[in-house]
Amino acid sequence: MSREQRLRNLILDRYQSLRRFAIEADIPYSTLMTLLSRDLGGASFDVVMKICRALGIDPMELYCNFEQ
């Protein structure tokens, strides 16, 4: 399973929908969908920080736990 798929599952475990997560994380829904469908590695630092803050995880934990 790719890290994008694992991140998607983590989001859906904690939020009702990807759209709700994007709103709560204060990132555009289209940005979230692009990251989940293409490559999380191409995300900007600010977006990664917002995702981690909304999920309550450390950015290094995200990287280390979701490495392929």
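Look a little higher up for the structure.
Conventions adopted
Residues numbered from 1 in each chain as written. Predicted model: local features only at pLDDT ≥ 70, side-chain atom pairs only at ≥ 80, totals over all residues. Heavy atoms only, no water. Core = buried A, V, L, I, M, F, W, Y, C linked by side-chain atoms within 4.5 Å. Buried < 20%, exposed > 50% of the residue type's maximum accessible area, 1.4 Å probe, protein only. Helix = DSSP H or I, 4+ residues; strand = E, 2+ residues; numbered from the N terminus. Contact = heavy atoms within 4.5 Å. Arc of directions from axis to C-beta. Axes fitted to C-alpha atoms, helices over the stretch in contact; angles between N-to-C directions. Parallel < 35°, antiparallel > 145°, perpendicular 65-115°, else oblique. Nonpolar A, V, L, I, M, F, W, Y, C, P; charged D, E, K, R; others polar. Phe/Tyr/Trp six-rings, centres within 6.5 Å; stacked < 30°, edge-to-face > 60°. Lys NZ or Arg CZ within 6 Å of the ring centre and 35° of its normal. Salt bridge = Lys/Arg side-chain N within 4 Å of Asp/Glu carboxyl O.

Enquirer: Please explain the nonpolar core as it appears in this structure.
Expert: One broad trend across soluble globular proteins is that nonpolar side chains are buried collectively. Within the largest apolar cluster, 21 residues are counted, with the highest numbers of intra-cluster contacts made by Leu7, Ile11, Phe21, Leu32, Ile51 and Leu55. At the level of elements, helix H1 (3–14), helix H2 (18–25), helix H3 (29–37) and helix H4 (45–55) are the ones that each hand at least two residues to this core. In terms of residues, this core owes the most to one element, H4, which gives five residues. Not counting residues up to four positions away in its chain, the partners in contact with Leu32 are Ile11, Leu18, Phe21, Ala22 and Ile27.

Enquirer: Would you take a moment to explain H3 for this structure?
Expert: Given 3.6 residues to a turn, an α-helix orients residues that are three or four positions apart in the same direction. Buried residues of H3: Leu32, Leu35 and Leu36, and no others. One face of H3 carries all of its buried residues, which in axial projection span an arc of 95°. In H3, the exposed positions angled more than 90 degrees off the buried face are occupied by Ser30 and Ser37. Those residues of H3 that are buried lie in contact with H1, H2 and H4.

Enquirer: Please explain the packing of H1 against H3 as it appears in this structure.
Expert: Axis angle and axis distance: for two packed helices, these are the angle between their axes and the distance between the axes, and together they describe the pair. Where H1 contacts H3, the axes come no closer than 8 Å and their chain directions differ by 135°. With respect to H3, the axis of H1 lies oblique. From H1, Glu4, Leu7, Arg8 and Ile11 reach across to H3, where they touch Leu32, Met33, Leu35 and Leu36. Grouping the amino acids of the contact of H1 with H3 by side-chain chemistry returns six nonpolar, no polar and two charged.

Enquirer: Sorry if this is basic, but what is going on with the packing of aromatic side chains here?
Expert: Each aromatic ring pair is summarised here by two numbers: the centre-to-centre distance and the angle between the ring planes. The tally for this structure, following the rule as stated, stands at one aromatic pair. Positioned above the aromatic ring of Tyr29, the side-chain terminus of Arg19 is 4.0 Å from the ring centre.

Enquirer: Which parts of the structure should I look at to understand the pattern of salt bridges?
Expert: Inspection of every chain in the model, using the stated rule, returns three salt bridges. Of the charged contacts in the structure, one is a salt bridge between Arg3 and Glu4, with a shortest N-O distance of 3.8 Å. Just as Arg3 is buried, Glu4 falls in that class too. Of the charged contacts, one joins Lys50 and Asp26 as a salt bridge, the two residues approaching to 3.7 Å between their closest N and O atoms. Of this pair, Lys50 sits in helix H4 while Asp26 sits in the loop between H2 and H3; the two residues are 24 residues apart in sequence, bridging distant segments of the chain. Accessibility expressed as a relative area gives 27% for Lys50, which makes it partly exposed.

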